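# Secondary and tertiary structure notes
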Protein chains: 2
Amino acid sequence: MIKGLQSIQFDEAPYIQAGASVVGKKEGEGPLAKLFDEIEQDPMFGKDSWEEAESEIQRRAAMRVINKSNLQKSEIRYLFSGDLLEQETATSFGLMDLEIPLFGLYGACSTMGEAMSLGAMVVAGGFAENVIAMASSHFASAEKQFRFPLEYGTQRVPSAQWTVTGSGAIIIGKKRSHVRITGITTGKIVDMGVKDSMNMGACMAPAACDTLYQHMMDFDRKPEDYDRIVTGDLGYVGRDIIIELMKQKGFDISQNYSDCGIKMFDKETQDTHAGGSGCGCSATVFCAYYLRELEKGNIKRMLFMPTGALLSKVSFNEGRTVPGIAHAVVLEHC
Amino acid sequence: MIKGLQSIQFDEAPYIQAGASVVGKKEGEGPLAKLFDEIEQDPMFGKDSWEEAESEIQRRAAMRVINKSNLQKSEIRYLFSGDLLEQETATSFGLMDLEIPLFGLYGACSTMGEAMSLGAMVVAGGFAENVIAMASSHFASAEKQFRFPLEYGTQRVPSAQWTVTGSGAIIIGKKRSHVRITGITTGKIVDMGVKDSMNMGACMAPAACDTLYQHMMDFDRKPEDYDRIVTGDLGYVGRDIIIELMKQKGFDISQNYSDCGIKMFDKETQDTHAGGSGCGCSATVFCAYYLRELEKGNIKRMLFMPTGALLSKVSFNEGRTVPGIAHAVVLEHC
């Protein structure tokens, strides 16, 4: 069950009961448009502030996944959720009405991987029949939080990524379905000294490489053992770095590697520079696209690895580096 | 194993291998002075910013608890930790050097309860031999984060609490010791509409009452079944509220109730108004005082219930309420 240095292989692998995704207008104009459960045209989601809008996204994603699963709210034992805002207010205000015990998580944009890892352990350990794992982000609340308010009209550098407005939620449970979480590899904080908060791909790629390499060691596997190896939001810049870093360690992932930040937007027409990012990026792309491919059996086994950049505007302004973290989850069709 | 609506009773209850606490000067002048493992006189902990100081506190607490346990760093499978800063930078920068897989948590001041709950499940589920559960806060980084920079010299209202400078860490593991975590009750977000961020006790008391009442229902217990029922940081204001709220629900906790925020400082001489607060408050008071009492058998069974106020300065400035959450952990001498 405990596997190598940082991994677990589940003896009784839990199943994904359902997945749901709620996104904003721009995400709904991208290549995955037809796969989202809900596309909201109003960037405020009917609320008065960006923070309340993000709370509303979480609330809708949670309600949708419960409805899709045909479970009752009372059958969900725990919520595992987080977001990018100061003190996670999107989660606190968004999930309040559900009245389900909450484990608030912070893994920056790796939060969906963290939520799925803990959720899978709690179900596999016999501590719950069903739990929700979810995460959210909102373009405008994130820009306000980490960079500049939108009203400034600040120009974006080519390496900048576009925070996804959206929330993805899955229910992990014991009931048989066509997708199982069969293993996890939990990441360490990795700091290579990168300080550029406008180049998140470069900040996070070393952490993704660290977790991915350890995963291959712990499970004694090769990239070819996976139909897809998918990071959360390394984008175009981070993609090139992780492929190169893994090559230096003797693994060629170029053939089956993909990234949710690249999948989310159309590079040519959507002006999103280095790709999508945010907790909501990997969460929504997983729920909308990869989970369906796994359910259909088009993907038999994948490694899903959300990536996080551990900074705040205070740490950035104080000249600190931007460490990264990445949590890997093995998903298999059955 | 699953117990009632929100609880777990562990079939194979994990043990606490060791606990350690690192605090600041003011905490070291309080009634628990002799019980802390380290009292640092320099509020900056030798660093250049309040945020770095708090990171240093976490690093020291983690190193100390590992040393006290006689375990090697490599024998710790996971870190469960969190803090109050924006995007949890105290945790990210403080625990980086340990190179141990990290689950970042956010439960506001309830984080130690959340960390102990998840850590206990992960060990009891067979997913780790040893994990660290910890949390931190720092008076100056918290004032800067949530209220006003210290340089303003703002006057404090009588209901205000004093954020504890400190970090407490425990190792939860399988090896037999004299203290076990035998159960948990995980809290929901509870919002009674209180908006006063200078009166955290009133914000958190309803959540503490909600978790405590549900705990009694789930385990079919009464307050007398515990030698102590201890909240994290309700302080003097919150204490009166929870005793009253529980009385309305038919439970008299006045005889065995206590609060870490009350225990930490001397009300008469330390000018801390309604008592201590912060993630570090319950974490350090538990490690310094209650864990020792449990080890000695002076306390046979206690309910430890860290309490959190789920606000940010943005949510406060936007006029939102301050919801609360509380996570209860059952500890028994053996």
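Just above sits the structure.
Residues numbered from 1 in each chain as written. Chains lettered and ligands numbered in written order. Predicted model: local features only at pLDDT ≥ 70, side-chain atom pairs only at ≥ 80, totals over all residues. Heavy atoms only, no water.

### Quick notes on the overall build of chain A
Within chain A one finds 9 helices and 17 strands. The globule rule puts the C-alpha radius of gyration for 334 residues at 20 Å, and the 18 Å found for chain A is close to it. Along the three orthogonal principal directions, the C-alpha set of chain A runs to about 50 × 50 × 35 Å. Within chain A, residue pairs in contact and separated by at least 24 positions form 78% of the contacts whose partners lie at least 6 positions apart. Summed over its atoms, the accessible surface of chain A is roughly 11,000 Å², and 46% of this surface lies on carbon and sulfur atoms. With 34 positive and 43 negative side-chain charges, chain A shows a spacing of 4 Å between the two charge centroids. (Helix = DSSP H or I, 4+ residues; strand = E, 2+ residues; numbered from the N terminus. Rg over C-alpha atoms; globule rule 2.2 N^0.38 Å. Contact = heavy atoms within 4.5 Å. Areas by Shrake-Rupley, 256 points an atom, 1.4 Å probe, with all protein chains shown as cover. Lys, Arg positive; Asp, Glu negative; His and termini not counted. Charge placed at Lys NZ, Arg CZ, Asp CG, Glu CD.)

### Comments concerning the interface of chain A and chain B
Across the contact, 66 residues belong to chain A and 66 residues belong to chain B. When chain A packs against chain B, close to 5,200 Å² is buried across both sides, 65% of that on carbon and sulfur atoms. Seen at the junction of chain A and chain B, the total is 4 salt bridges. Residue Lys313 of chain A is joined to Glu86 of chain B by a salt bridge in which the shortest nitrogen-to-oxygen separation is 3.9 Å. Top contributing element to the side of chain A that touches chain B by residue count: helix α3 (residues 111-124) of chain A, with 6 residues. (Buried area = accessible area lost by both parts, 1.4 Å probe. Salt bridge = Lys/Arg side-chain N within 4 Å of Asp/Glu carboxyl O.)

### Brief notes about unusual backbone geometry
Of note in the backbone geometry, Ala108 of chain A takes a positive phi value of approximately 50° without being a glycine. Position of Ala108 of chain A relative to the elements: it lies in the loop between β6 (102-104) and α3. One non-glycine residue, Glu99 of chain B, lies in the positive phi region at around 55°. Among the structural elements, Glu99 of chain B can be located in the loop between α2 (89-94) and β6 (102-104).

### Overview of the relation of the copies chain A and chain B
Its rotation angle being 180°, the transformation that places chain A on chain B also includes 0.0 Å of axial translation and leaves an RMSD of 0.0 Å. Expressed as an axis order, the relation between the two copies is that of a two-fold axis. In this assembly the copies share their binding face: 100% of the residues contributing to the interface of chain A also contribute to that of chain B. (Least-squares fit on C-alpha atoms with pLDDT ≥ 70 in both.)

### So, the pairing of strand β3 (residues 15-23) of chain A
Residue and element names in this part refer to chain A. The buried count for β3 comes to 9 of 9 residues, which makes it a mostly enclosed element. The sheet contact formed by β3 and strand β9 (residues 166-173) spans 8 bridges and is antiparallel. By the bridge assignment for β9, Tyr15 is matched with Gly173. Pairing analysis gives 2 bridges linking β3 to strand β4 (residues 38-39), with the strands arranged parallel. (Buried < 20%, exposed > 50% of the residue type's maximum accessible area, 1.4 Å probe, protein only. Pairing = 2+ DSSP bridges.)

### Comments concerning helix α9 (residues 279-296) of chain B
Residue and element names in this part refer to chain B. The first and last C-alpha atoms of α9 sit 25 Å apart over 18 residues, in line with the 26 Å expected at 1.5 Å per residue. Of all bends in α9, the biggest is about 45°, found at Phe286. Once α9 finishes, Gly297 follows within two positions and takes phi at roughly 90°, a positive value. (Expected span 1.5 Å × (residues − 1). Bend = angle between axes of the 7 residues up to and from the residue.)

### Some thoughts on the pairing of strand β7 (residues 130-137) of chain A
All names here are of chain A. Most of β7 is tucked away: 8 of the 8 residues are buried. The two faces of β7 match: Asn130, Ile132, Met134 and Ser136 on one face and Val131, Ala133, Ala135 and Ser137 on the other face are all buried. Bridging between strand β5 (residues 78-82) and β7 involves 5 bridges; their strand directions are parallel. Among the inter-strand pairings, Gly82 is bridged to a residue of β7, identified as Ala135.

### Focus: the packing of α3 of chain A against helix α8 (residues 279-296) of chain A
All names here are of chain A. Two elements in contact, α3 and α8, have axes whose closest approach is 7 Å; the angle formed by their N-to-C orientations is 60°. Put simply, α3 runs oblique to α8. Residues Thr111, Met112 and Met116 of α3 form the contact with α8, whose own contacting residues are Cys279, Ser282, Ala283, Phe286 and Cys287. The residue makeup of the contact of α3 with α8, split by class, is 6 nonpolar, 2 polar and no charged. (Axes fitted to C-alpha atoms, helices over the stretch in contact; angles between N-to-C directions. Parallel < 35°, antiparallel > 145°, perpendicular 65-115°, else oblique. Nonpolar A, V, L, I, M, F, W, Y, C, P; charged D, E, K, R; others polar.)

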